[in-house]
Every structure is written in structure tokens, then in C-alpha cells.
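Residues per chain are reported as follows:
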Amino acid sequence: MPATVRVVLLATALAGGLFPLRATAQGSPYITLDDPRLPLLEHLIARGDIEDPSPMVRPFRRADAERILAAADTSADSRTGRIIRQLRSEFKDPSGNPWRLSGRVGAQTYTHARRELLHPVGPDGVNPYAEVSGSATFGNLVLVTRPTVEPRLVDDPDWPGRKDVGLAGRMADAYIAAQFKYAHLFYGQLDRNWGPVGLPGIPLSNYGYERQGLSIEAGGGPIWLSALATDLQDQIDSIGQTVHRYYFVHRLRVRFSPRFSLAPWEGMIVSGPDRNFESRYRNPLSIGYLANTIGLGDRSNVMLGLDLHWKAWGRTLLQAQLALDDFWYDDRQRNRDRWALTLGAEGPLGSRAGWHVLYTQVSSLALRTFNPADNFTDAGVGVGRNFSDQDQLTFRATMPVRGGEWLLGPEITVLRQGEGQINDPYPVPDANGVLSTPALFIGVVERTYRAGLAITGRAGPLDVVANAGFHHVVNSAHQTGNTVERFEGRLQVTLGLGRKGVFQ
């Protein structure tokens, strides 16, 4: 039996012994990040109409959504009250039969195959899409699987799988979880994002495709610990050796008041031809930079970060995510500090709408290092952010329409992208031992001005996820004076089959 499986089974057994009297009434599946109803839920959170059950950590469980919706379900027959009751009904975990099985079939159309719109790559196309979702809940134990058939994958440069098949598929979700009042244990795969909603998180995101991992969430009251350990794809080094790679990220959120919390976090890449995932690199209560980098010896690449979540006044929320990807205090000429940050603010706009502002910056050499095996990437795609040497400013509004079945999201974005890329070789100092690479914006800066509109929602069996916009690009492809204008968009439309489950 693989060591990781033994660990999760042992942890589950121990948790069952430690927490039997404190167990929740029943386990609950996670709300997937591509659920078309989630943007409406996030809209209510951003407005302050409902509490955020897991600030800056996604996903959260259906039971968490139902709990915060129930707490806010006190208004009269208002528009917001009707939306809250609608979502509460849809996210409420079923009682009685533990089995659920449903499916979706439809189509995807896109102007380029990559899922991200601001860095378009790949051909356009129209392809079928199908998925089957199955879940079972036995007390505190939850099992979920969601295989998909998605031919678009073979044209997506970020897809790590096969490109030589005509009918590609993936496991969007596949996990087993044991959930108790003070601890949640998880083994399997699903999309995650750690950071302000609306941008890929710096330490961990769903920019790439789902990866297998073992995670734990534990705590109570004002303190909550989250940790994830996962294998990354092996690489071949310059002399032909197979380099094993692993990633561990952990975060400790401390709520100082109902309106203010801080969460220090740390992400570590462990790599080497003869490396195992040593236990000292996956201790959720250890500070790896202290214990390993300046303690026992640096055999990992460590990123340090801090998240801030603050309702500064009224229902206006301020958020920040700050990261240092190595701090060079002993050799300022031969290297560059590497950092990333995201600043965000959001709140209500009138009686129904919401407003959102996000600014993010990633320095020119962040997320990569002298040894390519220590880059914060998996199969060449970022485990958090996928692009260095950039900054981005986004203004977005959100508005429910048609009684809350649909959510509209007009958006204006300005992106500045330098020539530094996350997979480029790390620069070397010149003959005088000085590294002349600028800290931000290498070479010719490409500027993208985007005006877009997103539409998401569910009406009966119909799910729609759409995002499209007009792009005005200056210095396109980093060529001075090359200006292009283009339309970029994605649309997925599916119909549900057996939404209430065939075993009811």
C-alpha cells in the first residue's frame, strides 16, 4: 500500500478516535470552483450580505454555504432575501439517501484553447463537453468523483496530459474526506485557490489543472490551520537525471476580531534526483524557513507570505496577499529580491449590486530560481501564479438579474506584461558580479486594455458560464509599436441530467 494512502487512512482512524463526540452531524462535499452558482454566492459575500465561511481559502463545503445562508435568511420578501433562500435550498445537503449521481452534457466554444483570457494561446474551437458527478456521504465520511470528457484539453498549452488523442478527459474531482468539528482530513484532487477571489492565489491556485494531494484543516474559534502536501511532476535535469519534486504549503489564520484577521503562510518546493518528501518539509506547525533554510540547511525553495482580511468600515472589505520569494540580505549585487502581492477591496453598490477592485504585481524574477527544478511550477505551469514580470488592475461590478438566476459581471482590466517568463532561465551576474536585470518589467512591456462581461448562472437544467471582452493590446508580442485589437471569449453551456440523484 502506498505510503501516502497509509498516512491518510491512519489519520482518518486517529481522527475518528480523537473526535467522536465532537463530530459534525454529517460530512459535506465541497462546492467546486467552476460551479456556476458560486459567483452569485461570492457576490453576496462581497456585498456583506452573508459571512465569508473561509476567508481567502477556496473551496468551502456545501454545509458551510448552507450555514452562512441560513444565518442571513432573516429578511422579508426582498430581492436579496429571495436569492439567499434560493441558494440555501440548492446548497442544502440532502438527507436520507447517502448516494447522489448526476450528469451534464453540452458544449464549449472559445477564441483560444487556454482557459485564461489575458494571455491567449492555442486555436479557437467548438467542442462537446460532458461530466458525471457522483458522491456518497456516510456520517463524517465523504466520497466524491467527477470524471469529464473535454476535447479542448489537447489544444490547451497548460494541460499536462496527452496531446495525441482525439477525445481527452480528466478527473475534475476525486477525493475522500473525513470531516469533524475541529478537523477536516482530505485525500484526492479538486481545484483550490488561496487568495482574494477574482485572481489566482500566489501560493496555490486553480490556474493549472487539479493535482493530487493530502490536506488537513484544523482549529476552532479564532485559529484555523490549513495545509496541503502534493507531488509535482518529475523533471529531467541537464545531465539526464530524473528530478523528483514536491510541494508543501501551509497557512495559519488568526481572527483578532469579527472584522480583522491575519494569516501567515509558507510554500516550499522540495526537489532533487534522490529526494523523498522528508517529513520535516511537511510539518504544518513548523516554520520551514527557520527550521530548514537557516536551521538544518537549505534543501528547499521557500516562499513566505501574509494574508490580511479586514472589514475596514461598514461593509467595505479590504484584502491583501503579500509574498517574498527568497529575501537576499547578504548579496545585494548578485541577486534581486523576488516578490508578489495582491491588494483588493469590495463592497455593496446600491441595494443589489457589488463592486470589486483588484491590483496585483509579480516581480520580474519571482517564482523561478537558479535551479529550474525549484521553480514554483508543475509541468511548467504555475502552482499559484503562472506569470512573472507583470502587474494588473481590475475594476468589476456584479449584478443579479432575472430574480437571481443569473449574475452579470462587467469588467475593465489593464495588464502590463514584461518579457520575463516563469520558465525562463534565471539570469547570471555580469563580469563585474552585478545582476543588472530590472526588478520589474524586463524588455518591451506589452499592455492589454480589456473591457469585458461575464455571465454565470443556473436556470432549471441549464448551466451557463460565459466571459468575453474586447482587448486593445499595445506592443503586442513585446514588439514596440505593434498594436492589435481582438475579441477574446469563452462560453460553456450544459444541461443537467438527474440533478437530484438517481438513487433518491
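Everything quoted here is computed from the prediction, not taken from an experiment. (Residues numbered from 1 in each chain as written. Predicted model: local features only at pLDDT ≥ 70, side-chain atom pairs only at ≥ 80, totals over all residues. Heavy atoms only, no water.)

Draft legend 1. Representation of the overall build of the protein. Each helix and strand in the protein was counted, giving five helices and 22 strands. Computed over the C-alpha atoms, the radius of gyration of the protein is 23 Å, within 12% of the 23 Å expected from 2.2 N^0.38 for a compact globule of 504 residues. With 504 residues in all, the protein has 49% of them scored as buried. When the accessible surface of the protein is summed, it comes to about 22,100 Å², and 61% of that surface belongs to carbon and sulfur atoms. (Helix = DSSP H or I, 4+ residues; strand = E, 2+ residues; numbered from the N terminus. Rg over C-alpha atoms; globule rule 2.2 N^0.38 Å. Buried < 20%, exposed > 50% of the residue type's maximum accessible area, 1.4 Å probe, protein only. Areas by Shrake-Rupley, 256 points an atom, 1.4 Å probe, with all protein chains shown as cover.)

Draft legend 2. Focus on the environment of V249. Along the polypeptide, V249 turns up in strand β10 (residues 242-257). Overall, V249 belongs to the buried group, its relative accessible area being 0%. Separated by 76 residues in sequence, V249 and D173 have C-alpha atoms that sit 20 Å apart. Those residues in contact with V249 that sit more than four places away from it in its chain are W194, P203, L204, S226, A227, L228, E266 and G267. (Contact = heavy atoms within 4.5 Å.)

Draft legend 3. Spatial organisation of the pairing of strand β12 (residues 301-313). Relative to β12, strand β11 (residues 260-272) is paired through 10 bridges, and the arrangement is antiparallel. Its bridge partner lying in β12, G267 is registered against M303. By the bridge criterion, 10 bridges tie β12 to strand β13 (residues 316-325) in an arrangement that is antiparallel. Following the sheet pairing, D307 is matched in β13 by Q321. Here β12 folds back onto β13 in antiparallel fashion, the turn holding two residues, of which G314 has a positive phi close to 55°. (Pairing = 2+ DSSP bridges.)

Coordinates in, geometry out; function isn't part of it.
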